[in-house]
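Listed here are the chains, written in short residue letters.
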Amino acid sequence: MCSETPAFEPAFLCVQCANTPTKCALTERRNPVFNSLQTASADAILGLIAEYRDDSRAEKIDLGVGVYRTSEGKTPVLGVVKRAEQMLIDGQDSKAYIGTAGAADFNAAMQALIFGDSSPDDRLTTIQTPGGSGSLRVAAGMILRATPNASVWVSEPTWANHVPLLGGAGVNLKPYPYYDTENHVIRVDEMLAGLATAPEGDIVLLHACCHNPSGLDLSETELRAVTDVIVERKLVPFVDMAYQGFADDLDRDAFAVRHLAANVAEMIVSSSCSKNFGLYRDRVGTLSILSADSKTRDIVNSQVNNLVRTIYSVPPDHGAAVVSLILNDPELRRDWINELTEMRERLQSMRRLLNDALIEKTPNRDFSHLVRATGMFCFLGISAAEVARLKKDYGVYMVDSSRINVAGITRQNVDYLATSIAATVESE
Ligand code: LMR
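Residues numbered from 1 in each chain as written. Predicted model: local features only at pLDDT ≥ 70, side-chain atom pairs only at ≥ 80, totals over all residues. Heavy atoms only, no water.

Bringing the overall build of the protein into the picture now. Along the backbone of the protein there are 15 helices and 13 strands. A compact globule built from 428 residues should have a C-alpha radius of gyration of about 22 Å, and the protein, at 24 Å, falls within 12% of that. With the principal axes as the frame, the protein shows a C-alpha extent of 75 × 65 × 55 Å. Counting all 428 residues of the protein, 52% fall into the buried class. Partitioning the contacts of the protein with sequence separation of at least 6, the portion at a separation of at least 24 is 73%. Approximately 20000 Å² of the protein is accessible, and the part contributed by carbon and sulfur atoms is 52%. (Helix = DSSP H or I, 4+ residues; strand = E, 2+ residues; numbered from the N terminus. Rg over C-alpha atoms; globule rule 2.2 N^0.38 Å. Buried < 20%, exposed > 50% of the residue type's maximum accessible area, 1.4 Å probe, protein only. Contact = heavy atoms within 4.5 Å. Areas by Shrake-Rupley, 256 points an atom, 1.4 Å probe, with all protein chains shown as cover.)

Rendered as structure tokens:
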């Protein structure tokens, strides 16, 4: 047994016990830090990527992670993104750091896209962030700096990473009722009643559109009612907008943000360009904070930039530079809207296709909520055991909650998919 600092010469054997470093007892005692860790559980959504990849069945279907797919099952770079990237390669003359807030032209274009023409500029600050998740993480840091005892109220259910991301940053979380899993409708009255119990200064996280995971959004009337509770209770809305353009169109999908911005003193908005620009891995998003007055806006701006420096220093540039080129060039912008419309319409038609196929294959079960939802997701509405059987017996992959990404449906696989679902639910 070694008693002194081990030396692994020659041939990397310990000079005292003649063991390799991994077997030498002293090495073990000298490095106890990471030995205390246990294996972390696989991410509920990202874990499916590897499982699906490793499945050798030709007929397998991926309805897991939220990426758009074409009718050929591909997630290609948008044509307009390719063109803007070429312009960037030809014109970019430096890779020097951009500041903590990112690029001013990108931030201005995104702020206008999100808040519209009547954006309350003198009270708003918008910064470029590494994707929507980076934005949520900075928002969490700002909440902890400004109001550490406040709770953030999240819909039940919400995006599977909202709770670990915000909770992991140290923010208190509370649920409010949202989805009725029996009847596949929003529990609006319970949601309003739940929020009416929130103490002044608490924060309400809302999904701007294409609610992830349910795909069901509040109507404009319902959103107005939620806004009234927020105003009355002096709560702070925090809107996560990851799917602008995937429900109805760019402006209607921003209704929640714009209506709230017109009615409240303070709010937070996180946005993502992962889906609507297809820039997933390039990590492009924004964080906007609306303050009660312009003096506070300047203080918030200094704080958020200071915070960014302590987390990731400066955001990545490439994807945001591409988005800025597209949004600031009328022709590229028009072509982008056309590509976005094509993606949205394909998702809607795949919902109808699967619902029609299920009506035929399993007439005793009602799956009509599939076509009432918008965006990429909805719940299929089956049990976790049935989800597991679909994976094991048919190679059909979805999140355990039975959330499906309808982008994974094609005209070629819908019959197999509906047959597999029918066989699974009917074997109950
Ligand atoms: C999803 O919900 O599947 C996407 O937003 C991807 C992710 O990071 O979870």
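Here the narrative resumes, following the displayed structure.
By domain assignment, the protein separates into domain 1 (44–76 + 344–427) and domain 2 (97–328). Using C-alpha coordinates to define each centre, domain 1 is positioned 29 Å away from domain 2. Summing both sides of the interface, domain 1 and domain 2 together bury roughly 1600 Å²; the carbon and sulfur share of this comes to 61%. When residues of domain 1 are sorted by the area they lose upon contact with domain 2, Arg-344, Thr-374 and Phe-379 head the list and together hold 35% of the total. Linking domain 1 with domain 2 are zero salt bridges. Seen at the junction of domain 1 and domain 2, the total is nine residue pairs in polar contact (both at pLDDT 80 or more). Listing elements by their share of the side of domain 1 that touches domain 2, those giving two or more residues are helix H12 (330–361), helix H13 (369–372) and strand E11 (377–379). Considered class by class, the residues forming the side of domain 1 that touches domain 2 number nine nonpolar, seven polar and three charged. (Domains from an automatic or database assignment. Buried area = accessible area lost by both parts, 1.4 Å probe. Salt bridge = Lys/Arg side-chain N within 4 Å of Asp/Glu carboxyl O. Polar contact = N/O pair within 3.5 Å; in protein donor to acceptor, adjacent residues only side chain to side chain. Nonpolar A, V, L, I, M, F, W, Y, C, P; charged D, E, K, R; others polar.)

Together, Val-33, Phe-34 and Leu-37 make up an exposed nonpolar region whose accessible area comes to about 380 Å². Inspection of the secondary structure assignment puts Val-33 in the loop between helix H1 (25–30) and helix H2 (47–53). (Patch = residues over 30% accessible without salt bridge, like charges linked within 9 Å, V, L, I, M, F, W, Y side chains within 5 Å.)

The next thing to look at is the site of the ligand. Taken together, Ile-45, Val-65, Gly-66, Trp-159, Asn-212, Tyr-243, Lys-275, Phe-377 and Arg-403 make up all the residues around the ligand. In the environment of the ligand, an oxygen atom lies 2.9 Å from a nitrogen or oxygen atom belonging to the side chain of Asn-212. Burial of the ligand by the protein amounts to 81% of the accessible area it has alone, namely 260 Å². Class assignment of the residues belonging to the shell around the ligand gives a composition of five nonpolar, two polar and two charged. When residues are assigned to domains, the shell around the ligand turns out to be shared by domain 1 (44–76 + 344–427) and domain 2 (97–328), each giving three or more. (Near = heavy atom within 4 Å.)

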